[in-house]
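In case you want the letters, here they are:
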Amino acid sequence: MRRDPDPYGGVWPVKVVVEADGGSRGNPGPAGYGAVVRDASNGELLAERSEGIGVATNNVAEYGGLIAGLQAAASLAADEVEVRMDSKLVVEQMSGRWKIKHPALQPLAAQARELVGKFSRVTFEWIPRERNKEADRLANEAMDAQAAHTSTPAKWTGAQGTPTRILLLRHGQTPLSVERRYSGRGEAPLTPLGEKQALGAATRLASMSIVDSSTPIISSPLGRAKQTAQAVADATGGTVTVHNGLTETDFGTWEGLTFAEAAERDPELHGRWIQDSSVQAPSGESFDEVHRRVRKVRDSLVEQHGGETVIVVSHVTPIKSLLRLGLDAGPSLLFRLHLDLASLSIVEFYPDGNASVRLVNDISHYQGLS
């Protein structure tokens, strides 16, 4: 979409203001950008740009708006440009204060810098969204127009709509996991190897096109999960939020014991516990109880982040429970599915109630570490 009035009879102002924005309905999802160019002296509208760009993340769309705005300013032969955006990430990166870690953003930033070089002076200013309404309106109109000409294809399962994609990451190694001891609500920090595993997983997630700094990172409240989640946040530029529902099973008095030690201490109860998900650990939880609270977590994630990508950092049982929900499987999955430390799994939940498990127990990002 273009509308370039020429109130100056072909004589354009030396300095212009570019207001740019971009958005994604799903992050990643159907995306678009908008940009307006104004005369810096009187606010007169000189140009508008907007376009739907298919499936992309918020940050990719925001860079698209910036590039379109700079291109429009260059076509007007402007000498100075004041860029205003409500994307702090783009403003800070283009100002040179933040590193550009995400591979998908690096070529876009390079293109934007090349355009910046065409002007004698370019400044970047963050503004709140309410002051960027015109660019935001154009971006939304572009996404609306794109949606009107496309439809979400039904998968062979019949699932409809944009799913909520959950990237499930188990925490890295701890001293208790080295000795294969029950590690539930107790605190155990990552080992040096666990820290390397977390870094490997974080680097892997940061390199994925579906992840950027706005991707929610939801962690169990336990330290080993929060350490792993923080490594992810450091790599992606994101922020960690804690959800108590993602904590590990309460193993009660078996906490810190090995399988053999727990079986020797409570042979009859332990034998029933490993075969029946409704049986509670002594002074602890049953797997059925964990499953019920994790189902509530799933429901809240889908409600709050519908159609988005979310990173969840948790433990064996909660992750197995989310995969079980994705597969619509029974409790026997808990006893038959293996999950390695710092492993990555992916499950998608669709708005029509369907689900799809796309990846299970991937550890390619840290194989060979020692």
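The structure we're discussing is the one just above.
Bear in mind the structure is a predicted one, so any value in this text is a computation, not a measurement. (Residues numbered from 1 in each chain as written. Predicted model: local features only at pLDDT ≥ 70, side-chain atom pairs only at ≥ 80, totals over all residues. Heavy atoms only, no water.)

A. Structural detail: the pattern of salt bridges. Per the counting criterion, the structure on display carries 23 salt bridges. Residues Glu 141 and Arg 137 are paired through a salt bridge, measuring 2.8 Å at the closest nitrogen-oxygen approach. A residue pair is termed a helical-turn pair when its members lie 3 or 4 positions apart in one helix, as Glu 141 and Arg 137 do in helix α4 (residues 133-149) at four residues. The class of Glu 141 is partly exposed, set by a relative accessible area of 34%. Residue classification places Arg 137 among the partly exposed residues on the basis of a relative accessible area of 30%. (Salt bridge = Lys/Arg side-chain N within 4 Å of Asp/Glu carboxyl O. Helix = DSSP H or I, 4+ residues; strand = E, 2+ residues; numbered from the N terminus. Buried < 20%, exposed > 50% of the residue type's maximum accessible area, 1.4 Å probe, protein only.)

B. Local environment of the environment of Asp 328. With respect to the element layout, Asp 328 can be found in the loop between α11 (316-327) and α12 (332-336). For the pair Asp 328 and Glu 308, spaced 20 residues apart in the sequence, the C-alpha separation amounts to 21 Å.

C. Focus on helix α6 (residues 192-206). The first and last C-alpha atoms of α6 sit 21 Å apart over 15 residues, in line with the 21 Å expected at 1.5 Å per residue. Contact partners of the buried residues in α6: β6 (164-170), α7 (223-236), β9 (309-314) and β10 (344-349). (Expected span 1.5 Å × (residues − 1). Contact = heavy atoms within 4.5 Å.)

D. How the structure looks around the sheet that holds strand β4 (residues 80-85). With respect to topology, five strands assemble into an open sheet ordered β3-β2-β1-β4-β5, the strand pairing being mixed. Both edges of this open sheet fall to β3 (45-56) and β5 (121-126), since each of them pairs with a single strand only. On average, adjacent strands in this sheet sit at an angle of 20° to one another, irrespective of strand direction. The sheet contact formed by strand β1 (residues 15-24) and β4 spans six bridges and is parallel. Bridge pairing links Val 17 to Glu 82 in β4. In the packing of helix α1 (residues 58-75) onto the sheet, the strands contacted are β1, β2 (29-39), β3, β4 and β5, and the crossing angle to β1 comes to about 155°. (Pairing = 2+ DSSP bridges. Axes fitted to C-alpha atoms, helices over the stretch in contact; angles between N-to-C directions.)

E. Local environment of the packing of aromatic side chains. Enumeration according to the criterion identifies seven aromatic pairs in this entry. Where Trp 254 meets Trp 273, the ring centres are 5.1 Å apart and the plane angle is 70°; that geometry is what we call edge-to-face. Of this pair, Trp 254 sits in the loop between β8 (240-242) and α8 (259-265) while Trp 273 sits in helix α9 (residues 267-273); the two residues are 19 residues apart in sequence, bridging distant segments of the chain. A single burial state applies to Trp 254 and to Trp 273, both of which are buried. Aromatic side chains Phe 287 and Phe 335 sit 5.9 Å apart centroid to centroid with 70° between the ring planes, which places their arrangement in the edge-to-face category. With Phe 287 in helix α10 (residues 287-304) and Phe 335 in helix α12, this pair connects stretches of sequence that are 48 residues apart. Of the residues examined, Phe 335 reaches a relative accessible area of 35% and is grouped as partly exposed. (Phe/Tyr/Trp six-rings, centres within 6.5 Å; stacked < 30°, edge-to-face > 60°.)

F. Geometry of the packing of α6 against α7. In the contact formed by α6 and α7, the axes pass within 8 Å of each other and the chain directions differ by 40°. The orientation of α6 with respect to α7, classified from their angle, is oblique. In terms of crossing hand, the pair formed by α6 and α7 is right-handed. Across the interface between the two elements, Glu 195, Ala 198, Ala 202, Thr 203, Leu 205 and Ala 206 of α6 pack against Gln 227, Thr 228, Ala 231, Val 232, Ala 235 and Thr 236 of α7. (Parallel < 35°, antiparallel > 145°, perpendicular 65-115°, else oblique. Left-handed = near helix turned anticlockwise from the far one by under 90°.)

G. Just the sheet that holds β8, in detail. Strand order in the open sheet made by the six strands is β8-β7-β9-β6-β10-β11, with mixed pairing throughout. Both edges of this open sheet fall to β8 and β11 (355-362), since each of them pairs with a single strand only. In this sheet, neighbouring strand axes are inclined to one another by 20° on average, regardless of whether the strands run parallel or antiparallel. Here three bridges tie strand β7 (residues 217-219) to β8, and the two strands are oriented parallel to one another. What sits directly across from Ile 217, in β8, is Val 240. Against the sheet, α10 makes contact with β6, β7, β9 and β10, and its axis sits at roughly 135° relative to β6, the strand it touches most.

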